[in-house]
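The primary structure of each chain is shown beneath.
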Amino acid sequence: MIVLGIESSCDETGLALFDSEKGLLAHTLHSQVEVHAEYGGVVPELASRDHIRYLLPLMEAVFQQADIEKTSIDGIAYTAGPGLIGALMSGAAVGRSLAWSLGIPAVEVHHMEGHLLAPMLEDETPEFPFVALLVSGGHTLLAYVRGIGQYELLGQSLDDAAGEAFDKTAKLLGLGYPGGPALAACAERGHHGCFKFPRPMIDRPGLDFSFSGLKTFALNTMQKVAKDGTNEGKLSQQNKADISLAFEEAVVDTLKIKCRRALEQQQCTNLVIAGGVGANKRLRSELANMINQLDGKLFYPRVEFCTDNGAMIAQVGCFRLMAGQTQPLEIDARARWSMQELEAI
Ligand code: KG4
Ligand code: ZN
């Protein structure tokens, strides 16, 4: 079965073709970074308009890349949530209409399920059950995964998602948008031990997270350093790098502690990292060290499939269509959608 996947939940338009036999055939992606950069964050209306601009050209490109005709596909998968409603509607409308015109089924995909199963796009795929750390711009959660559609929520962020904390702290530091990669790059020039940030909620039992305090801690640190410094109340480039490093270490350390706790609780040694923050090098290497100590296995998608993409949507859509799942014609895009509502396969 060949499935066209469409991702348009936020600020990336992604299209892909996934074959149940051969795996990923082709994928194309357009990032809206330039559209939103001058505003320092995603402007929903501009996001929808940009998706509309790019969906069809990217679709032509992905079919060309795979060297197949539209009539060769057996189904279409589109992200139906969670995300920005207008952005979701753009991709869903294109997917639904094309499916109708070709007389083939279409299926809604949960964006976070796409992320969670993205490591299955790689050669070495994780075996069920596993613990998954999903760290994106909108969500941070730990789940126990028994199979496709069988997601037990172990813990989640009570306020900002990890990616959101990266983005907001980067903005405070004047590092631009998107903040996560910018802050990580700045942290590479930092010196260890200049600042000590707290590790939120590690003294409490449970697996929930809270990252908004770290952003405030960063702001207070910046103000203190600027006031005490010799740079006319401004931060030097080195100050920014040192603060970035201390912030990144705090987020990574907190995630690592909670992952270890989740693995111990579930008596499991397989860990999956997915979502945009999963592209963070420090996070990957710290979790790899931890998993080595536990004699376990760590799985993550290649960096380009950590952030939003069409491949992860095409793959999940293919799994669900193969299991006979489809939805009726009307489009039901959702800003919020719990992963526990998903049907098991
Ligand atoms: O999964 P994603 O592409 O979109 C959502 O579903 O939210 O995640 C985007 C998030 C942004 O907050 C971005 O700053 C963060 O992932 N991110 C990173 C890195 N690359 C992307 N955060 C830290 N380090 C990175 N290298
Ligand atoms: Zn995402």
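Residues numbered from 1 in each chain as written. Chains lettered and ligands numbered in written order. Predicted model: local features only at pLDDT ≥ 70, side-chain atom pairs only at ≥ 80, totals over all residues. Heavy atoms only, no water.

### Some words on the domain arrangement of the protein
At step 1: What the domain assignment reports for the protein is domain 1 (2-118 + 305-341) and domain 2 (127-300).
At step 2: Computed over C-alpha atoms only, the centres of domain 1 and domain 2 are separated by 28 Å.
At step 3: Summed over both sides, the interface of domain 1 with domain 2 buries roughly 1,700 Å², with 73% coming from carbon and sulfur.
At step 4: Among the residues of domain 1 in contact with domain 2, Met112, Leu116 and Cys306 are the three that bury the most area, contributing 36% of the side total.
At step 5: Here domain 1 is connected to domain 2 by zero salt bridges.
At step 6: Run the count over domain 1 and domain 2 and you get four residue pairs in polar contact (both at pLDDT 80 or more).
At step 7: For the side of domain 1 that touches domain 2, the elements supplying multiple residues, two or more each, are helix H1 (33-37), helix H4 (111-117) and helix H10 (311-322).
At step 8: Looking at which element gives the most residues to the side of domain 1 that touches domain 2, the answer is H4, with five residues. (Domains from an automatic or database assignment. Buried area = accessible area lost by both parts, 1.4 Å probe. Salt bridge = Lys/Arg side-chain N within 4 Å of Asp/Glu carboxyl O. Polar contact = N/O pair within 3.5 Å; in protein donor to acceptor, adjacent residues only side chain to side chain. Helix = DSSP H or I, 4+ residues; strand = E, 2+ residues; numbered from the N terminus.)

### Re unusual backbone geometry
At step 1: Cis geometry marks the peptide bond from Gly81 to Pro82; its omega dihedral reads -15°.
At step 2: One can find Pro82 in the loop between strand S4 (75-81) and helix H3 (85-102).
At step 3: Omega for the bond connecting Phe128 with Pro129 falls within 30 degrees of zero, at -5°, which places this linkage in the cis form.
At step 4: By the secondary structure assignment, Pro129 is in the loop between H4 and strand S6 (130-135).
At step 5: Not every positive phi belongs to a glycine, and Met201 is a case in point at roughly 65°.
At step 6: Along the chain, the position of Met201 falls in the loop between helix H6 (179-187) and helix H7 (212-228).
At step 7: What makes Met201 buried here is its relative accessible area of 16%.
At step 8: You will see that Gln267, though not glycine, has its phi angle at about 50°, which is positive.
At step 9: As for its position among the elements, Gln267 is in the loop between helix H8 (237-266) and strand S9 (270-274). (Buried < 20%, exposed > 50% of the residue type's maximum accessible area, 1.4 Å probe, protein only.)

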